[in-house]
Amino acid sequence: PTIIEVIASAGGYTKYSVINSIMVIRGVGMGKKPEVIRINLAHILKGNKYANNIALKPNDIIYVPRSFIGNVNTFM
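Keep in mind it's a predicted model, so treat the numbers as computed, not measured.

What counts, and at which threshold
- Residues numbered from 1 in each chain as written.
- Predicted model: local features only at pLDDT ≥ 70, side-chain atom pairs only at ≥ 80, totals over all residues.
- Heavy atoms only, no water.
- Helix = DSSP H or I, 4+ residues; strand = E, 2+ residues; numbered from the N terminus.
- Buried < 20%, exposed > 50% of the residue type's maximum accessible area, 1.4 Å probe, protein only.
- Contact = heavy atoms within 4.5 Å.
- Areas by Shrake-Rupley, 256 points an atom, 1.4 Å probe, with all protein chains shown as cover.
- Pairing = 2+ DSSP bridges.
- Axes fitted to C-alpha atoms, helices over the stretch in contact; angles between N-to-C directions.
- Salt bridge = Lys/Arg side-chain N within 4 Å of Asp/Glu carboxyl O.
- Patch = residues over 30% accessible without salt bridge, like charges linked within 9 Å, V, L, I, M, F, W, Y side chains within 5 Å.

Visitor: Even after reading the chapter, I still don't get the overall build of the chain, so can you show me in this structure?
Guide: A tally of regular secondary structure across the chain gives three helices and three strands. Counting from the amino terminus, helix and strand elements in the chain follow one another as α-β-β-α-β-α. Taken across its 76 residues, the chain has 30% of its residues classed as buried. In the chain, the proportion of contacts linking residues at least 24 apart, taken out of those at least 6 apart, comes to 58%. As displayed, the chain offers around 5,400 Å² of accessible surface, 59% of which is attributable to carbon and sulfur atoms.

Shown next, in the form of structure tokens:
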């Protein structure tokens, strides 16, 4: 599956997601330094960079950061 397919199957992203800074962490627990791949989902969704719609591998971790305002709203 691709990054778009996995995010969609997880229910999408929230309004507080920073979709231009998604990280795919690959190679965790394999005895080597993990590789971090930065994905700009906003570009992919606009049709600009389908090449960045990478195919995911088993054990990849997808991290979608939360905006500062999202963190403040949760705190309040």
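Visitor: Would you explain the sheet that holds strand S2 (residues 35–39) in this entry?
Guide: Paired through backbone hydrogen bonds, the strands of a sheet run either parallel or antiparallel to each other. One open sheet holds the three strands; their spatial order is S2-S1-S3, and the pairing between them is antiparallel. Of all strands in the sheet, those bounded by a partner on one side alone are S2 and strand S3 (61–63). Averaged over all neighbouring strand pairs, the angle between strand axes comes to 20°, with direction disregarded. Bridge count for strand S1 (residues 22–26) against S3 is three bridges, and the pairing is antiparallel. If you follow valine 24 over to S3, its bridge partner there is isoleucine 62.

Visitor: Sorry if this is basic, but what is going on with the pattern of salt bridges here?
Guide: Pairing is possible between side chains that carry opposite charge, provided their charged atoms lie close to one another. Counted by the stated rule, this structure contains one salt bridge. Of the charged contacts in the structure, one is a salt bridge between aspartate 60 and arginine 26, with a shortest N-O distance of 2.8 Å. You can see aspartate 60 sitting in the loop between helix H2 (41–45) and S3 and its partner arginine 26 sitting in strand S1, a full 34 residues away along the chain. Of the two residues examined, aspartate 60 and arginine 26, each falls in the buried class.

Visitor: What is the right way to look at a nonpolar patch on the surface in this model?
Guide: There is a patch of nonpolar side chains on the surface, built from Tyr13, Leu45 and Val64 and spanning about 250 Å² of accessible area. With respect to the element layout, leucine 45 can be found in helix H2. Overall, the relative accessible area of 44% leaves leucine 45 in the partly exposed class.

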